[in-house]
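# What the coordinates show
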Protein chains: 2
Amino acid sequence: MSKHTVPIAASDSECCSPLVREPLTTDWAGDLARMFKALGDPVRLRLLSLVASHESGEACVCDISGSFDLSQPTISHHLKVLREAGLLDCERRGTWVYYWVIPAALQQLSSVLAATDPTAADANVSGAALVSA
Amino acid sequence: MSKHTVPIAASDSECCSPLVREPLTTDWAGDLARMFKALGDPVRLRLLSLVASHESGEACVCDISGSFDLSQPTISHHLKVLREAGLLDCERRGTWVYYWVIPAALQQLSSVLAATDPTAADANVSGAALVSA
């Protein structure tokens, strides 16, 4: 089973920089949009959440299909979309394929959407510390 | 010009709880998916970033259209999608409509995608502090 990897940002700064701090590059916006598009469906969001919060952080379709009024092939299709977007990885074990989230991918999206710039916040904290020292 | 608001989570805990901690409810997944779907397009992501990082945190189409090889009506359409998703707000001033991001909406999405549970992290820090005290 092929492995999918998190899109690689051109630089660390590009990877973790909130979009409120500086304009996204065209390439980076394309990579991010592919991941957000995969999240733009309520079933896929719930699937991602069910897999991530499942005991031991991984789950097969057999574990989660009871939460949906959908066929197993439909659920498998949505899981494939999440996998191809680099948000999930998986491995076949016997009859079932087990899925788990890729924490680095989620964290990358979370950092990009942060409404405040953590670098600026750190700078403010440092400044305050200097003033009070 | 109508104002759009950030979707309201059923509870504070639902609003800020990372999806890795507990399964998303169906309603909340629907609200979030609408916002992620709006972000699932490279042009809209770049627009959001350009508006957010623009001087004073707001911009009109006249400020940002030079960054795209697209017509102003097309850009206005994408801005409308972002506004209807509750990610941007706007106000007409004379000839132009000015847009700005809604920080609470971005932060809500960022918190939902956080790969680690900040509550758990706090608990660990508290635990460590107790041990070292």
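Coordinates for the structure precede this section.
Residues numbered from 1 in each chain as written. Chains lettered and ligands numbered in written order. Predicted model: local features only at pLDDT ≥ 70, side-chain atom pairs only at ≥ 80, totals over all residues. Heavy atoms only, no water.

### Things to note about the packing of helix α2 (residues 26–39) of chain B against helix α6 (residues 103–113) of chain B
Two quantities define a packed helix pair, namely the angle between the helix axes and the distance between the axes. Residue and element names in this part refer to chain B. In the contact formed by α2 and α6, the axes pass within 11 Å of each other and the chain directions differ by 110 degrees. Classified by the interaxial angle, the pair formed by α2 and α6 is roughly perpendicular. Across from Trp-28, Leu-32, Met-35, Phe-36 and Leu-39 in α2, the residues of α6 making contact are Gln-108, Leu-109, Val-112 and Leu-113. Among the residues making up the contact of α2 with α6, the classes are represented as 8 nonpolar, 1 polar and no charged. (Axes fitted to C-alpha atoms, helices over the stretch in contact; angles between N-to-C directions. Helix = DSSP H or I, 4+ residues; strand = E, 2+ residues; numbered from the N terminus. Parallel < 35°, antiparallel > 145°, perpendicular 65-115°, else oblique. Contact = heavy atoms within 4.5 Å. Nonpolar A, V, L, I, M, F, W, Y, C, P; charged D, E, K, R; others polar.)

### What to know about the relation of the copies chain B and chain A
Structural alignment of chain B on chain A gives an RMSD of 0.0 Å, achieved by rotating through 180 degrees and translating 0.0 Å along the axis. Such values leave the two copies arranged in the relation of a two-fold axis. Looking at the rotation axis and the C-alpha trace of chain B, the residue lying nearest is Ser-110 of chain B, at 2.1 Å. Interface overlap between copies is the fraction of interface residues in one copy that are interface residues in the other; for chain B against chain A it reaches 100%, indicating a shared surface. (Least-squares fit on C-alpha atoms with pLDDT ≥ 70 in both.)

### A short note on the interface of chain B and chain A
Across the contact, 34 residues belong to chain B and 34 residues belong to chain A. When the two sides are added together, the surface that chain B and chain A hide from each other amounts to roughly 2700 Å², 72% of it contributed by carbon and sulfur. The interface formed by chain B and chain A contains 0 salt bridges. Run the count over chain B and chain A and you get 9 residue pairs in polar contact (both at pLDDT 80 or more). Those elements that provide at least two residues to the side of chain B that touches chain A are α2, α3 (42–53) and α6 of chain B. A breakdown of the residues in the side of chain B that touches chain A according to their chemical character gives 20 nonpolar, 9 polar and 5 charged. (Buried area = accessible area lost by both parts, 1.4 Å probe. Salt bridge = Lys/Arg side-chain N within 4 Å of Asp/Glu carboxyl O. Polar contact = N/O pair within 3.5 Å; in protein donor to acceptor, adjacent residues only side chain to side chain.)

### Here we look at α2 of chain B
Residues and elements named next belong to chain B. For α2, with 14 residues, the first-to-last C-alpha span of 20 Å sits near the 20 Å given by 1.5 Å per residue. Of all the 14 residues making up α2, 10 are buried; the element is thus mostly covered by neighbouring parts of the structure. Those residues of α2 not exposed but buried are Trp-28, Ala-29, Gly-30, Asp-31, Leu-32, Ala-33, Met-35, Phe-36, Ala-38 and Leu-39. (Expected span 1.5 Å × (residues − 1). Buried < 20%, exposed > 50% of the residue type's maximum accessible area, 1.4 Å probe, protein only.)

### A word on the packing of aromatic side chains
Considering all chains together, one arrives at 1 aromatic pair over all chains under this definition. On the numbers, 6.0 Å between centres and 10 degrees between planes, the contact of Phe-36 of chain A with Phe-36 of chain B is stacked. Taken together, the residues Phe-36 of chain A in helix α2 (residues 26–39) and Phe-36 of chain B in helix α2 connect one chain to another. Residue Phe-36 of chain A is classed as buried on the basis of its relative accessible area of 0%. (Phe/Tyr/Trp six-rings, centres within 6.5 Å; stacked < 30°, edge-to-face > 60°.)

### Let's talk about the nonpolar core
Grouped together as the largest cluster of nonpolar side chains are 76 residues, with contacts concentrated most on Leu-87 of chain A together with Leu-87 of chain B. Setting aside chain neighbours within four positions, we find Leu-87 of chain B in contact with Met-35, Ala-38, Leu-39, Leu-48, Leu-82, Trp-100, Val-101, Ile-102, Ala-105, Leu-106 and Leu-109 of chain B. (Core = buried A, V, L, I, M, F, W, Y, C linked by side-chain atoms within 4.5 Å.)

### Looking at the sheet that holds strand β2 (residues 88–93) of chain B
All names here are of chain B. Across the sheet, which stays open at both edges, the 3 strands sit in the order β1-β3-β2 with antiparallel pairing between neighbours. Strands at the two margins of the open sheet, each flanked by one partner only, are β1 (58–60) and β2. Each strand of the sheet is rotated relative to its neighbour by a mean of 30 degrees, with strand direction disregarded. On the sheet, helix α5 (residues 72–84) packs against β2 and β3 (96–101) and is oriented at approximately 130 degrees with respect to β2. (Pairing = 2+ DSSP bridges.)

### Thoughts on the packing of helix α3 (residues 42–53) of chain A against helix α5 (residues 72–84) of chain A
Residue and element names in this part refer to chain A. Two elements in contact, α3 and α5, have axes separated by 10 Å at closest approach and are oriented at 80 degrees. Regarding the angle of α3 to α5, the classification is roughly perpendicular. Of α5, the residues touching α3 (which contributes Val-43, Arg-44, Leu-47, Leu-48 and Val-51) are Ile-75, His-78, Leu-79, Val-81 and Leu-82. Here the residues of the contact of α3 with α5 sort into 8 nonpolar, 1 polar and 1 charged.

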